[in-house]
Amino acid sequence: MPTVTLREQVDNSCAAHCTVIAVAELTGAGGGLTADFAEATLWPAIQFVADGNGLVDMLAAKKNSDPWRIIEQVGTRWGGQVAAKLICDETEKSVALHYVGTDMQMGLGALFNMIKRDTSVADMEVAEGVYYNASFLMFGGATPTASGYSGMHNILITRSGGRIFRYNPNESVPAWIQGPVNWTYLENQNGGAHSYVFTGVCVEMTRK
């Protein structure tokens, strides 16, 4: 089973924490793959950059992470050992949009379409030994409700020994947790303070 962990994320650096842990798990490397590296070096490099597009500018202002920039950084820094590609699951996107209000559905749907390019799939499967830096809708409260939607969050998913494991970097003491089988819908997280629904968007990372 996976074992690498970091301390709790700082600010909105969840995707950087997930990337660093996935690389460490896939390569066996340690050393510089620290929380400080994730937050001070990798996170700034993977954030959306404002370009005049309203959706992009909003994500950049919130310092959200761009999956395409994650892929670029993985290729630049660890491309000799790790391969990264984007997966956008249309089925999971449709499910996720039901958990936000109608005023949010159009914007989030447009965001998904902007990100996906030509990477759509119908049903994503979690493969053994593969790490998925997965984007979730985050909600305040133990179960997701439209009024509780609070933004985007990344959680790392993998399969080991036939079992699904997840790693949530914004827990006070992050750890690898087994299950549930339906990892796309997570209730009662962070001591009951949050819940999460998978958006269908993730960066798949594998060992070359």
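These numbers were taken from a predicted model, which means no experiment stands behind them.

Reading guide: rules and limits
Residues numbered from 1 in each chain as written. Predicted model: local features only at pLDDT ≥ 70, side-chain atom pairs only at ≥ 80, totals over all residues. Heavy atoms only, no water. Phe/Tyr/Trp six-rings, centres within 6.5 Å; stacked < 30°, edge-to-face > 60°. Helix = DSSP H or I, 4+ residues; strand = E, 2+ residues; numbered from the N terminus. Buried < 20%, exposed > 50% of the residue type's maximum accessible area, 1.4 Å probe, protein only. Axes fitted to C-alpha atoms, helices over the stretch in contact; angles between N-to-C directions. Left-handed = near helix turned anticlockwise from the far one by under 90°. Contact = heavy atoms within 4.5 Å. Nonpolar A, V, L, I, M, F, W, Y, C, P; charged D, E, K, R; others polar.

A. Representation of the packing of aromatic side chains. Under the counting rule described, the total for this entry stands at 9 aromatic pairs. A centroid spacing of 6.2 Å and a plane angle of 80° characterise the contact between F37 and W78, whose relative ring orientation is edge-to-face. A residue pair is termed long-range when its members are at least 10 positions apart, and F37 in helix α2 (residues 35-46) and W78 in helix α4 (residues 67-78) qualify at 41 residues. Exposure class is identical for F37 and W78. Each is buried. Note on F136 and W183: the rings are 6.2 Å apart at their centroids and 65° apart in plane angle, and the pair reads as edge-to-face. Taken together, the residues F136 in strand β3 (residues 131-140) and W183 in the loop between β6 (176-178) and β7 (185-189) connect sequence positions 47 residues apart. Across this residue pair, the class does not change: F136 and W183 are buried.

B. Just the environment of A127, in detail. Here A127 lies in the loop between β2 (120-121) and β3. Judged by its relative accessible area of 32%, A127 is partly exposed. Each C-alpha atom of the pair A127 and E8 lies 26 Å from the other, and the pair is 119 residues apart in sequence.

C. Structural detail: the packing of helix α1 (residues 14-27) against α2. The N-to-C vectors of α1 and α2 enclose an angle of 115°; their axes lie 8 Å apart at closest approach. Note that α1 runs across α2; the crossing there is right-handed. Contacts from A15, A16, H17, T19 and V20 in α1 reach A35, F37, A38, E39, L42, W43 and I46 in α2. Among the residues making up the contact of α1 with α2, the classes are represented as 9 nonpolar, 2 polar and 1 charged.

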